[in-house]
Amino acid sequence: MASESKTAEEIARERLIDLAAEFYDQFDRGEIPEMKLPTRTKSNIKYDEDSHVWVYGDRTSTRSANSVRGARKLLKATYTIEFLARQLDEDRSSTLRELYYLSESWDAQEAHFSDQDESNQLVEDLEIVSNVTREDLHMRPEESGATLMGPLKIREQTRRGEREIHCQGDVGEGGYQIPNNPDTIDFLEHDIDFVMCVETGGMRDRLIENGFDEDYNALIVHLKGQPARATRRITKRLHDELDLPVVVFTDGDPWSYRIFGSVAYGSIKSAHLSEYLATPEARFVGIQPQDIVDYDLPTDPLADSDINALQSELEDPRFMTDYWEEQIELQLDIGKKAEQQALAARGLDFVTDEYLPTRLDEMGVI
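Residues numbered from 1 in each chain as written. Predicted model: local features only at pLDDT ≥ 70, side-chain atom pairs only at ≥ 80, totals over all residues. Heavy atoms only, no water.

Draft legend 1. Structural context of the side chain of Gln-340. Relative to the helices and strands, Gln-340 resides in the loop between β17 (336-337) and α13 (350-362). On the basis of relative accessible area, Gln-340 is assigned to the buried category, the value being 0%. (Helix = DSSP H or I, 4+ residues; strand = E, 2+ residues; numbered from the N terminus. Buried < 20%, exposed > 50% of the residue type's maximum accessible area, 1.4 Å probe, protein only.)

Draft legend 2. Highlighting the nonpolar core. Among the nonpolar cores identified, the biggest contains 62 residues, and Met-196, Leu-207, Phe-212, Phe-249, Phe-260, Leu-356 and Leu-360 are the most heavily contacted of them. Residue contributions to this core peak at 6 residues, all from helix α8 (residues 254-265). Filtering out sequence-adjacent residues up to four positions away, Met-196 remains in contact with Leu-207, Phe-212, Leu-219, Ile-220, Val-221, Val-247, Phe-249, Val-285, Leu-356 and Leu-360. Counting 28 residues, the second largest nonpolar core, distinct from the first, contains Ala-12, Ile-45, Leu-96 and Ala-108. (Core = buried A, V, L, I, M, F, W, Y, C linked by side-chain atoms within 4.5 Å. Contact = heavy atoms within 4.5 Å.)

Draft legend 3. Quick look at the packing of α8 against helix α11 (residues 304-313). Direction vectors running N to C along α8 and α11 enclose 40°, while the axes themselves pass 9 Å from each other. Taken together, the axes of α8 and α11 are oblique relative to one another. Facing α8, whose interface residues are Pro-254, Trp-255, Tyr-257 and Arg-258, α11 presents Ser-305, Asp-306, Ala-309, Leu-310, Ser-312 and Glu-313. Residues of the contact of α8 with α11, tallied by class, amount to 5 nonpolar, 2 polar and 3 charged. (Axes fitted to C-alpha atoms, helices over the stretch in contact; angles between N-to-C directions. Parallel < 35°, antiparallel > 145°, perpendicular 65-115°, else oblique. Nonpolar A, V, L, I, M, F, W, Y, C, P; charged D, E, K, R; others polar.)

Draft legend 4. Layout of the pairing of strand β12 (residues 194-198). Burial of β12 is extensive: 5 of the 5 residues sit out of reach of the surface. As paired elements, β12 and strand β13 (residues 218-222) share 5 bridges and run parallel to each other. Looking at β13, one finds that Cys-197 is bridged to Val-221. Looking at chain direction, β12 and strand β14 (residues 246-249) are connected through 4 bridges and run parallel. Bridge pairing in β14 places Met-196 opposite Val-247. (Pairing = 2+ DSSP bridges.)

Take a look at the structure:
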């Protein structure tokens, strides 16, 4: 966290330079340069019972220049550190995709990235060893397009200065687009009773068109499928800073349950940022297997991949509760899955007039 005397960007730049200086010092001491990282394999990810999020275990791996392959990785890290430090110095930003292509202009051909997965992983490595998020390194993903809509007034920082926005009155039907770094947003005032994260654009539009955000003082966050880091970060901030309940409304299939899991407990890919991104108090209000039975919803049969995913979730510590075990076992028994939009079989207003009010009342949210 930034101190009062230094900005997050200044601290990020200092830590990058410290990493490069450590390589130099290793050379100066006659040592082979190396960089230690947590082992980034599934076997080294553990579910922390205290914080209820995914975190790295104790095992580490070493990127060392004692092999050609290792030397190339450290060379690429050094070039990337130099680029990021200069970018911060110039108050510029770039996307992960641009970094991949930018490497083609570096004078050492061995420093060029072979594909974007390689450059993406290196940025994640630098996040871990510097304890600085890529947002503070001014690295952006491609636009996720995720939005929010509801009774919230914010102040955001732009290149043209600050501006205040009300996320209902000052935006169109598309809502307020969540920026790459939500930590630049200040929450000014709100009338929100709860935050509802919605998986699909179609359901998000149905809720807004039916006035659900106004009728229930709900802040609707569109996850746009598997949620981007910025979406998960602003959701966590809304919960932690405004003390708001968070519910996640998804389809009724194993992949959507994992979307809920990434919001609530974090993901294996970003285990080093779980405490920054995850909201363990989030609750599931999506389509349940029990709803498929109770409401006789239109369904699709479970594919083999769905069955395997559900069986895997029964062994996932995030889903080892009586509720999830009961629902997953039921889904395996009936062999069916359903989308959010399946509720439209009972009318376009059913989801906002009946389904969600009933579920949220049962959960004590409204």
